[in-house]
Amino acid sequence: MKDIKIAIIGLGYVGLPLARLFATKYAVVGFDINQKRINELKQGNDSTLEVEPDILKPVLKNNLNNDAGLFCSSNTEDIKDCNYYIVTVPTPIDKNNKPDLTPLYKSSETVAKVLKEGDIVIYESTVYPGVTEDECVPILERISGLKFNQDFYAGYSPERINPGDKLHTVDKILKVTAGSTPEIGKKVDALYASIITAGTHLAPTIKVAEAAKVIENSQRDINIAFVNELAKIFNLLDIDTQSVLEAAGTKWNFLSFKPGLVGGHCIGVDPYYLAQKAQEVGYHPEIILAGRRVNDSMGQYVAAEVIKLMVQNDIRIKEAKVLVLGITFKENCPDVRNTKAVDVINQLKSYGTEVTIYDPWANPEEVKHEYDLTTVTKLPKDTFEAVVLTVAHNAFLKEDLKSLLSPNGILYDVKGVLNENVNGRL
């Protein structure tokens, strides 16, 4: 494991924690095309809040020597001396729910320009089986002029980062690894095993590792879709869904899932990657896509339920003031990528209501850029005809939400976390 120098391509929610961890043992260059991101990291600040300053600053270094530590850069010249390249860029979907591999293609082009004989390129981005060898490797070969599995090699080790989770950090999550040859698989596995205290699992091929990752979140998506459908049924039957799940959960093998909005960069996206590949080989995945349809419909369903409760309380809908609590995709995390709280907000607006969005975690500039929505970071001193809790931030649980309601105002709890009496919840 001597003379290892690692380049981490992409310093977001996945790349930075990994770069920081590797930097405790190896010389690491963290590369990102966003110069603003590089500048903040050089100061020891992480706007994603995944790595605290007291954890990040000790590993930072201001030169490219071969000592252990992390050097952050947006200059491709600074990664040319590395021999391991780990790609951690996002793999989003487009407006038609089709996989968008553009970030993966661009990062592969960047690596290919500096690729040398003997180098290993490892991908961590979630993809459908075959992307690494069928999509990325040809780019590496074409631009570098090198031959795959002769001059350079590939690996795959899917990310399992859970944004905002300070308990299950990257070193405490078992890592699946794979290589383009059996020998390279062992090298990739040994590299990760040197920093991952939870251990590693060496998969027999890259395609197996890719498939394992994409089904992890697809499985969760389907299970959440099931309880979302149950919530719709039990609401029609006037049965409390939370109480049903608590009762059913007393059986030892009952799977614990809760209804809710399914967004973010993983669970709400990955099933589409698997579905795309299935359709390419002639199979229409019914269960996977049915789960996606259910979960993608929940924003519209929540908004309709809120409006229904307001009508029952004789509240005039047009220009009614509604406070939405939370716009990030999950609690206690600033990540707003693919958040389904936006679906609730847009649906409520379509009924003619005036929506105020309060989220102390979300960056207002980012929300404005991504969704053209205005948010506030302090609780408004006003009253509302409806208050809708869409994200279970700890800050919301400390507030007296009833005091925000006008006479006959309704409180709707999407997450099922409020102890006080609510007018409705999933």
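This text follows the structure it describes.
Residues numbered from 1 in each chain as written. Predicted model: local features only at pLDDT ≥ 70, side-chain atom pairs only at ≥ 80, totals over all residues. Heavy atoms only, no water.

A. Layout of the pattern of salt bridges. The tally for this structure, following the rule as stated, stands at 17 salt bridges. We note a salt bridge from Glu40 to Arg37, for which the minimum N-O separation is 2.5 Å. In this pair, Glu40 and Arg37 both sit in helix H2 (residues 35-42), three residues apart, roughly one turn of the helix. Of the charged contacts, one joins Asp296 and Lys340 as a salt bridge, the two residues approaching to 3.6 Å between their closest N and O atoms. Here Lys340 lies in the loop between strand S9 (321-325) and helix H12 (341-350) and Asp296 lies in helix H10 (residues 286-296), a separation of 44 residues in the sequence. Given the relative accessible area of 14%, Lys340 is considered buried. (Salt bridge = Lys/Arg side-chain N within 4 Å of Asp/Glu carboxyl O. Helix = DSSP H or I, 4+ residues; strand = E, 2+ residues; numbered from the N terminus. Buried < 20%, exposed > 50% of the residue type's maximum accessible area, 1.4 Å probe, protein only.)

B. Quick look at unusual backbone geometry. Non-glycine residue Leu49 carries a positive phi angle of around 65°. Exposure remark for Leu49: the relative accessible area of 37% places this residue in the partly exposed category. Although it is not a glycine, Asn97 sits at a positive phi angle of roughly 65°. Mapped onto the secondary structure, Asn97 falls in the loop between strand S4 (84-87) and helix H4 (102-112). Owing to a relative accessible area of 28%, Asn97 belongs among the partly exposed residues under this scheme.

C. A look at the state of the cysteines. Applying the stated criterion across every chain yields a total of zero disulfides. Note on Cys72: no disulfide assigned, nearest cysteine sulfur contributed by Cys82 at a separation of 12 Å. As a non-bridged cysteine, Cys136 has Cys266 as the owner of its nearest cysteine sulfur, 17 Å distant. Residue Cys136 is classed as buried on the basis of its relative accessible area of 0%. (Disulfide = S-S within 2.5 Å.)

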